[in-house]
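Breakdown of the fold
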Amino acid sequence: MAQTRARRTVAGRLLASYVLVLIAFALSVGWSFLALRDAAQGAELLRSGYVPLLLRVGEALAAQNVFNAQLNHITAAKNPGDVREWIETARRTRPLTFAHVREAAEKGLDDGDPSVQRFRDEVVREAAAIEKLLGADPERFSQLFQALAVSDREAAERARDDLAKREAEGAQRLRAIRARIEERMESLTAEAKRRESRSMQLLVGLFLLTLLVGVVATLYTRRVLAPLTAVTERANAVARGDLTPREVVATNDEIGELATTFEGMVAAIQRARSELVNAERLAAIGKMAAHVTHEIRNPLSSIGLNLELLEEEVAPSSNKEAAQLVVAIKAEVDRLSRIAEQYLSIARRPRPRLEREHVEDLVRELVAFVHPELERGGVTERVEADDDLPEVGLDESQFRQALLNLIRNAREAMSKGGELIISIRKAKDGGVDLAVDDTGTGVPEDVRASIFDPFFTTKQRGTGLGLAVTRDIVEAHGGTIGCEGRAGGGTRFFIHLPAALPGADVAQDSRADLLG
């Protein structure tokens, strides 16, 4: 068995739309946050890492360049003693300068990026190596200063040249460190620009995505709420009196349930209105029948009695024309009497007293009763019944009248003869389905909806009450009646009667007399 699909609530569907918009917005905010964080990290690395380190390396390089200049000109100085004192002072402060470089590298480049950490370690090692290089062989300075003291220019120049080469190498290595720092700064700046451009593109893309999701969510929300607009318009139409049945757009949510319930309510109102109109018609019939009873029935009885006396007097005479006139008048009087009786049967039909009966027995008895009438009209009859049919609650006399109306309608529809088929089947709900089929001319489809209405008739001399009485009797028994065309031609009237309640001999009265 297929599982019933869970109902989707409108609140849940709207919440899902809102969540989609929120997710798209969260993506935009998230990407913006990451871009800002990366930009902030890059700026912080530049501010507190590379820039201070570059300044310290620049200071060390500037000091080294001055040191090299003083060293290169020491042999030509007018006062070598002052130069010597400066050089000695610079040599003593040099470890502090390189310590500042290492400190700037260790503190400023303390970043979680592995590449930054590797560069920091390289700078620290290179600074220590340069410091060691420049601090090596201090005896050469003693030799230089001693040669200058004894004015040994040649020895002084040799010592100076050896020291200048080493100092120049230190300066070159410091310039290399500075170049690498500047290169990394330029790379970091370029990466920041690329990140900024990429972030702008992502932000624009996410903005468009958020806008698209918002538009889709709006359209989806309008689609979800569209049936509600239709229900509102339908309510306005009903308020204006339009009770025409409408097809309900099936949606698996509260709005669809509301639309279905509303259409069911409209159908109930239409049925109630139809029943009210029918009741008003029946009330009018009752008043008319009462008037006919008092004003026409008694005179008709008197006329009929006088006609019988007149017929007895005219019969022995040879005046055939007078006898024919009497017969014609008597036939019209009988027809008027039957019409009055039909009105009275509607107005004063008693409540049915339902007793447990077998429909098949009643049908076969009635068919045997009308057999001569059917035979004169060239109609053959056939009764088909299932075995073990359940008992139903019937008022025998009233249901007999209803069934007789259907059989006579079928005979009249087969003016040139035909076949009448009455089938009795066991219904799925335990009741009985009875069908009366004829092979006559059939009932047009546009007429079927009105044939059970009082006074509606397609016959020239009909009253339009026979089928209305039949429907009232069937509904008074708790059943339903309908009409449809047959595939091979003709008409089928079908009746459904519920099964009698177990253990109950008499069912509850289902209808009250129209006139009380």
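Our structure's up above, just so we're on the same page.
These lines cover the structure that appears in this document, whether it is placed above or below. (Residues numbered from 1 in each chain as written. Predicted model: local features only at pLDDT ≥ 70, side-chain atom pairs only at ≥ 80, totals over all residues. Heavy atoms only, no water.)

Some remarks on the nonpolar core
Counting residues in hydrophobic clusters, the biggest one holds 35 residues, and the most contacted among them are Val-359, Val-363, Ile-407, Leu-420, Ile-422 and Leu-434. The element best represented in this core is helix α8 (residues 359-376), accounting for seven residues. Residues within four places of Val-359 in sequence aside, it is in contact with Val-392, Leu-394, Val-432, Leu-434 and Leu-497. One finds Leu-46, Tyr-50, Ala-127 and Leu-134 within the second-largest nonpolar core, a separate group that totals 26 residues. (Core = buried A, V, L, I, M, F, W, Y, C linked by side-chain atoms within 4.5 Å. Buried < 20%, exposed > 50% of the residue type's maximum accessible area, 1.4 Å probe, protein only. Helix = DSSP H or I, 4+ residues; strand = E, 2+ residues; numbered from the N terminus. Contact = heavy atoms within 4.5 Å.)

Side note on the pairing of strand β6 (residues 480-485)
One face of the sheet, then the other: side chains in a regular strand alternate in exactly this way. Relative to strand β7 (residues 491-497), β6 runs antiparallel, the two being bridged by six bridges. If you follow Gly-485 over to β7, its bridge partner there is Thr-491. (Pairing = 2+ DSSP bridges.)

A word on α8
Under the 1.5 Å per step criterion, the end-to-end length of α8 is 26 Å for 18 residues, consistent within 8% with the ideal 26 Å. Of all the bends found along α8, the most pronounced is centred on Val-370 and spans about 50°, while Pro-372, a proline, follows it within four residues. Of all the residues in α8, the buried ones are Val-359, Leu-362, Val-363, Leu-366, Val-367, Val-370, Glu-373 and Leu-374. In the segment just after α8, Gly-378 is the residue with positive phi, at about 75°. (Expected span 1.5 Å × (residues − 1). Bend = angle between axes of the 7 residues up to and from the residue.)

Side note on the environment of Phe-207
Of note, Phe-207 is situated in helix α5 (residues 153-239). Judged by its relative accessible area of 53%, Phe-207 falls in the exposed class. The spacing of Phe-207 and Val-29 is 178 residues in sequence and 9.8 Å in space, taken between C-alpha atoms.

Thoughts on the packing of α8 against helix α9 (residues 396-413)
Two measures define how a pair of helices packs: the angle their axes make with one another and the distance between the axes. One can describe the packing of α8 onto α9 by two numbers: an axis separation of 11 Å at closest approach and a directional angle of 40°. If you check the angle between α8 and α9, you find them oblique. For the element pair α8 and α9, the recorded crossing hand is right-handed. Contact residues: α8 offers Leu-362, Val-363, Glu-365, Leu-366, Phe-369, Val-370, Glu-373 and Leu-374, while α9 offers Glu-396, Phe-399, Arg-400, Leu-403, Leu-404, Ile-407, Arg-408 and Arg-411. Each residue belonging to the contact of α8 with α9 can be placed in one class, and the counts come to 10 nonpolar, no polar and six charged. (Axes fitted to C-alpha atoms, helices over the stretch in contact; angles between N-to-C directions. Parallel < 35°, antiparallel > 145°, perpendicular 65-115°, else oblique. Left-handed = near helix turned anticlockwise from the far one by under 90°. Nonpolar A, V, L, I, M, F, W, Y, C, P; charged D, E, K, R; others polar.)

Observations concerning the packing of aromatic side chains
Applying the stated criterion across every chain, the model contains four aromatic pairs. A centroid spacing of 6.1 Å and a plane angle of 50° characterise the contact between Tyr-50 and Phe-119, whose relative ring orientation is tilted. Linking Tyr-50 in helix α1 (residues 10-72) with Phe-119 in helix α3 (residues 114-135), this pair joins segments that are 69 residues apart in sequence. The exposure class assigned to Tyr-50 is buried, which follows from its relative accessible area of 2%. For the pair Phe-67 and Phe-141, a centre-to-centre distance of 6.2 Å together with 70° between the ring planes defines the contact as edge-to-face. Highlighted residues: Phe-67 in helix α1 and Phe-141 in helix α4 (residues 139-149), separated in sequence by 74 residues. An identical accessibility class is assigned to Phe-67 and Phe-141; each is buried. Among the aromatic residues, those joined into a cluster by ring pairs are Phe-67, Trp-86, Phe-141 and Phe-145. Lying across the ring of Phe-119, Arg-184 places its NZ or CZ 4.8 Å from the centre. Positioned over the ring face of Phe-369 is Arg-400, at 5.4 Å from the centre of the ring. (Phe/Tyr/Trp six-rings, centres within 6.5 Å; stacked < 30°, edge-to-face > 60°. Lys NZ or Arg CZ within 6 Å of the ring centre and 35° of its normal.)

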